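Each chain, letter by letter, is given below.
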Amino acid sequence: MTLPPGIWVTALRTSLVVGTALTAINHGAALAAAPPTGVRLLQLALCYAVPFGVSVHSQLSLSRRAEGGCFPRPEAATTAVSESRRRARGGAVAPLGEG
């Protein structure tokens with residue numbers, strides 16, 4: 001999947017900030033005592049990969065929702081809202097399906 005450049009940049013920034021904080025909190029003492037090996041390297045990679053993934057997911061979800069892709073309004077609900085607004089303004093209302 002190709003992501004817009006803005007999403008990549010925001011996700012990388014988020015990953016660097018949050019990942020560094022998670023690394024310091026969760027692995028700071030161990031890293032100060034000895035260099036990372038084996039399982040610890042995987043844990044460190046996940047400290048950065050998870051915030052990156054969450055950032056990309058949330059940005060895509062918001063952009064799709066803004067475009068009406070995630071939760072589009074059913075046509076009947078849209079029609080009912082339009083009719084009630086016209087009535088409130090004193091306008092004539094066409095029967096359903098006509099206009």
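Let us look at the structure shown here. (Residues numbered from 1 in each chain as written. Predicted model: local features only at pLDDT ≥ 70, side-chain atom pairs only at ≥ 80, totals over all residues. Heavy atoms only, no water.)

1. Description of the overall build of the protein
Turning to step 1, where the next piece is worked out: When you go through the protein residue by residue, the secondary structure sums to three helices and zero strands.
Turning to step 2, where the next piece is worked out: The proportion of buried residues among the 99 residues of the protein is 15%.
Turning to step 3, where the next piece is worked out: Accessible surface, the protein as shown: approximately 7,200 Å² in total, 66% of it carbon and sulfur. (Helix = DSSP H or I, 4+ residues; strand = E, 2+ residues; numbered from the N terminus. Buried < 20%, exposed > 50% of the residue type's maximum accessible area, 1.4 Å probe, protein only. Areas by Shrake-Rupley, 256 points an atom, 1.4 Å probe, with all protein chains shown as cover.)

2. Description of the side chain of Thr23
Turning to step 1, where the next piece is worked out: Counting through the fold element by element, Thr23 comes out in helix H1 (residues 5-33).
Turning to step 2, where the next piece is worked out: In contact with Thr23, other than residues within four places in its own chain, are Gly28, Leu31, Leu44, Cys47 and Tyr48. (Contact = heavy atoms within 4.5 Å.)

3. So, helix H2 (residues 39-66)
Turning to step 1, where the next piece is worked out: With 28 residues, H2 should reach 40 Å at 1.5 Å per residue; the first-to-last C-alpha distance of 40 Å fits that figure.
Turning to step 2, where the next piece is worked out: Of all the bends found along H2, the most pronounced is centred on Leu46 and spans about 25°.
Turning to step 3, where the next piece is worked out: What H2 keeps buried is the set Leu44, Cys47, Pro51, Ser55, Val56, Gln59 and Leu60.
Turning to step 4, where the next piece is worked out: Against H1 lie the buried residues of H2.
Turning to step 5, where the next piece is worked out: Two residues or fewer past H2, Gly68 is found with a positive phi of approximately 85°. (Expected span 1.5 Å × (residues − 1). Bend = angle between axes of the 7 residues up to and from the residue.)

4. What about the nonpolar core?
Turning to step 1, where the next piece is worked out: Ranked by size, the top nonpolar core spans five residues in total: Leu3, Ile7, Ala11, Val56 and Leu60.
Turning to step 2, where the next piece is worked out: Only H1 and H2 provide two or more residues apiece to this core.
Turning to step 3, where the next piece is worked out: Ignoring sequence-local partners within four residues, the contact set of Leu3 consists of Trp8, Val56 and Leu60. (Core = buried A, V, L, I, M, F, W, Y, C linked by side-chain atoms within 4.5 Å.)

5. Side note on the packing of aromatic side chains
To describe a pair of aromatic rings, one takes the distance between the centres and the angle between the planes.
Turning to step 1, where the next piece is worked out: Tallied over the entire structure, the rule returns one aromatic pair.
Turning to step 2, where the next piece is worked out: For the ring pair Trp8 and Phe52, a centre distance of 5.6 Å and an interplane angle of 40° mean the geometry is tilted. With Trp8 in helix H1 and Phe52 in helix H2, the pair connects residues that are 44 residues apart, well separated along the chain.
Turning to step 3, where the next piece is worked out: Residue Phe52 is classed as partly exposed on the basis of its relative accessible area, which comes to 21%. (Phe/Tyr/Trp six-rings, centres within 6.5 Å; stacked < 30°, edge-to-face > 60°.)

6. A closer look at the environment of Val18
Turning to step 1, where the next piece is worked out: Structurally, Val18 is set in helix H1.
Turning to step 2, where the next piece is worked out: Among the residues examined, Val18 registers a relative accessible area of 33% and is labelled partly exposed.

7. Some points on a nonpolar patch on the surface
Turning to step 1, where the next piece is worked out: A cluster of nonpolar residues, Leu42, Leu46, Val50 and Val54, forms a patch on the protein surface that exposes about 370 Å² of accessible area.
Turning to step 2, where the next piece is worked out: Turning to its location among the elements, Val54 is positioned in helix H2. (Patch = residues over 30% accessible without salt bridge, like charges linked within 9 Å, V, L, I, M, F, W, Y side chains within 5 Å. Salt bridge = Lys/Arg side-chain N within 4 Å of Asp/Glu carboxyl O.)

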